[in-house]
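Listed below are the residues making up each chain.
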Amino acid sequence: MKKYWKIGAATVLALALAGCGSTEKVSKKETEKVEQETASKGVAKDETQTISYLDVEYTVPSEVKKIVTASLEAMEDAAILGIKPVGALEIAGALPKYLAADLEGAELIGDKREPNAEAILALDPDVIVGTSKWGEDVMTKMNKIETTIPYSHISTNWKKNLLILGQLSDKEEEAQNIISDYEAKVADAQVKTAEQLKDKTVLIIRVRGGLMNIYPADVYLNPVLYEDLGAPIPEIITTAKAQAEITLETLASVNPDAIFLQFETSENSDAPKALEELQANPIFQSLKASKEGQVFVNAIDPLAQGGTAWSKVKFLDAAVKDLLK
């Protein structure tokens, strides 16, 4: 359980962070000094609360005012909940375009792989909402600054993610309403798409590094198709254990009826023409999906993380619209 560190410890912590590598911990002497300063400042017990998330308990202030969203997943859910974080990640030196208006005013804190600890420290956050994708070294560094919650990147945890962010921001009612509204939309969509999808093979393919990638059924945007809309799960998805490359030859053997193709420029800097080259490839053009006009490029913003309320709401609407064409 992490302690709520006050500003009095910030100077010591900044020196500790600056003097150690990403995998090193602050020395025992430095840690003791931080704890002594924290104790001398004092945080009354009734000024903190214990929250539970995915069977782990975290200590945060009883009133959380400053949230740092240190993951795109957290940023998407902050956007849909109307939360204004004090800090957020950058893409190419700015807030991601698809979230910029909702998160306007947030200070930039670096990239998603390892946010800038000093920039976060300067914001004096009440809590940091990171990602379960981080390694132990990054989590350790973030927890030296403030209580850090490893927001799950697994799509099936989307409700728990949204609810914990709602709890932190005093927006639990809004979070529950978003969930209820989504479930109602799913029920309505199933009626519309059930007949059309029952015998169809539908794939979501993400082009990254110039390569086509697929994901397991419970990862990325897949749960919207296979769980919420009830599309049959293709064998190639069933056997995928994580993000997996798929070749054109394998794709041709699957010959899907529909393809949702996601391509983000920043994820393909070494292959900027990968999308147009793929679409021009004779094998790709011979696919049933291509011939029948059922290839949908960037149905939602290509940076969308998939396993968030924001992504699910946007993709459900897009998928129903495209599949009913």
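Residues numbered from 1 in each chain as written. Predicted model: local features only at pLDDT ≥ 70, side-chain atom pairs only at ≥ 80, totals over all residues. Heavy atoms only, no water.

### Some remarks on the overall build of the chain
Short version of the rule: Strands are runs of DSSP state E lasting at least 2 residues, helices are runs of H or I lasting at least 4, and numbering of each runs from the N terminus. Any residue under 20% of the maximum accessible area for its type is buried, any over 50% is exposed, and the rest in between are partly exposed; the area is computed with a 1.4 Å probe on protein chains only. Contact definition: two residues touch when any of their heavy atoms are within 4.5 Å. The accessible surface values rely on the Shrake-Rupley method and a 1.4 Å probe; as for residues, cover is taken only from the protein chains in view.
Along the backbone of the chain there are 15 helices and 12 strands. Taking all 325 residues of the chain together, the buried fraction comes to 48%. Considering only contacts in the chain between residues 6 or more positions apart, those separated by 24 or more positions represent 64%. For the chain, the exposed area adds up to about 15,300 Å²; of that, 48% sits on carbon and sulfur atoms.

### Brief notes about helix H8 (residues 172-197)
Residue pairs three or four apart in sequence face the same way in an α-helix, which turns once every 3.6 residues. Just so we agree on the cut-off: Bend is computed residue by residue as the angle between axes fitted to the seven residues ending at the residue and the seven residues starting at it.
The sharpest bend along H8 measures roughly 40° and falls at Val191. Ala175, Ile178, Ile179, Tyr182, Val186, Ala189, Thr193 and Leu197 are the residues of H8 that are buried. Those residues of H8 that are buried are in contact with helix H3 (72-81), helix H7 (158-168), strand S8 (202-208), helix H9 (222-228) and helix H15 (309-323).

### A few points about H15
Our working definition: Helices are assigned an expected span. That span is 1.5 Å times one less than the residue count.
The end-to-end C-alpha separation of H15 is 21 Å, in line with the 21 Å expected for 15 residues at 1.5 Å each. The element H15 is extensively covered by neighbouring structure, given that 12 of its 15 residues are classed as buried. The complete set of buried residues in H15 reads Ala309, Trp310, Ser311, Lys312, Val313, Phe315, Leu316, Ala318, Ala319, Val320, Asp322 and Leu323.

### With respect to the sheet that holds strand S12 (residues 295-297)
This is how it is decided: Any two strands with at least two DSSP bridges between them are considered paired. Axes here refer to lines fitted to C-alpha atoms; in helices the fit is confined to the stretch in contact. Angles between the N-to-C directions go from 0 to 180 degrees.
A sheet is described by the order of its strands in space; here 5 strands give the open sequence S10-S9-S8-S11-S12, paired in mixed fashion. Edge positions in the sheet fall to strand S10 (244-245) and S12, since each has one partner strand and no second. The strands touched by H15 are S8, strand S11 (258-263) and S12; relative to S11, the strand with the most contacts, the crossing angle is about 135°.

### Side note on the pairing of S8
The buried fraction of S8 is high, at 6 of 7 residues. Looking at chain direction, S8 and strand S9 (residues 211-214) are connected through 3 bridges and run antiparallel. Paired with Val207 across the bridge in S9 is Met212. With antiparallel pairing between neighbouring strands as the criterion, S8 and S9 make up a hairpin whose turn holds 2 residues, including Gly209 at a positive phi of roughly 60°.

### Some points on the packing of aromatic side chains
How two aromatic rings sit relative to each other is set out by the distance from centre to centre and by the angle between their planes. Let me state the cut-off plainly: A pair of Phe, Tyr and Trp rings is counted when the ring centres sit within 6.5 Å of each other, with Trp represented by its six-membered ring. The angle between the planes then sorts it: under 30 degrees is stacked, over 60 is edge-to-face, the rest tilted.
The tally for this structure, following the rule as stated, stands at 5 aromatic pairs. Here the aromatic rings of Tyr215 and Tyr220 are separated by 4.9 Å at their centres, their planes lie at 40°, and the arrangement is tilted. For the pair formed by Tyr215 and Tyr220, the shared burial category is buried. Judged by centre distance (5.1 Å) and plane angle (75°), the ring pair of Phe260 and Phe315 falls under edge-to-face. Taken as a pair, Phe260 in strand S11 and Phe315 in helix H15 lie far apart in primary sequence, 55 residues in all. For Phe315, a relative accessible area of 1% puts it in the buried group. Three or more aromatic residues link up through ring pairs in this structure, and these residues are Phe260, Phe296 and Phe315.

### Structural notes on the confidence of the model for the chain
To be explicit about the condition: The score called pLDDT rates the predictor's confidence residue by residue, from a low of 0 to a high of 100.
Of all residues in the chain, 86% attain a pLDDT of 70 or more, and the chain-wide mean is 88. Counting interchain partners and residues more than four positions distant, the pLDDT-below-50 stretch residues 1-43 has 56 contacts.

### Let's talk about unusual backbone geometry
Across the chain, the bulk of peptide bonds are trans and the bulk of non-glycine residues have phi less than zero. Located in the positive-phi region is Leu54, a residue other than glycine, with phi close to 50°. Leu54 gets classed as partly exposed once you look at its relative accessible area, which sits at 32%.

### Some points on the pattern of salt bridges
The condition is simple: Take a side-chain nitrogen of Lys or Arg and a carboxyl oxygen of Asp or Glu: if they are within 4 Å of each other, that pair is a salt bridge.
Under the defined criterion, the tally for this structure stands at 11 salt bridges. Between Lys198 and Glu195 there is a salt bridge; the shortest N-O distance is 2.9 Å. Using a relative accessible area of 47% as the deciding quantity, one classes Lys198 as partly exposed. Note on Glu195: relative accessible area 56%, which makes it exposed. Residues joined in a network through salt bridges with shared partners are Arg206, Arg208 and Glu267.

### Let's talk about the nonpolar core
Cut-off, in case you're wondering: Here, nonpolar core means buried Ala, Val, Leu, Ile, Met, Phe, Trp, Tyr and Cys residues that are tied together by side-chain atoms lying within 4.5 Å of each other.
In this structure, Leu168, Leu225, Leu251, Phe260 and Phe315 are the most contacted members of the largest nonpolar core, which totals 94 residues. For this core, the element with the most residues is H15, which contributes 9 residues. Contact partners of Phe315, with chain neighbours within four places excluded, come to Ile204, Leu221, Val224, Leu225, Phe260, Ala299 and Ile300.

### Topic: the sheet that holds strand S4 (residues 87-88)
A sheet is described by the order of its strands in space; here 5 strands give the open sequence S5-S4-S3-S6-S7, paired in parallel fashion. The open sheet has two free edges, formed respectively by strand S5 (107-108) and strand S7 (148-149), since each of these has just one partner strand. As paired strands, S4 and S5 are joined by 2 bridges and run parallel to one another. Its bridge partner being in S5, Gly87 is matched across the sheet by Glu107.

### Points about the pairing of S9
Here S9 runs beside S10; their pairing, made up of 2 bridges, is antiparallel. Within S10, the position partnered with Ile214 by the bridge is Ala244.

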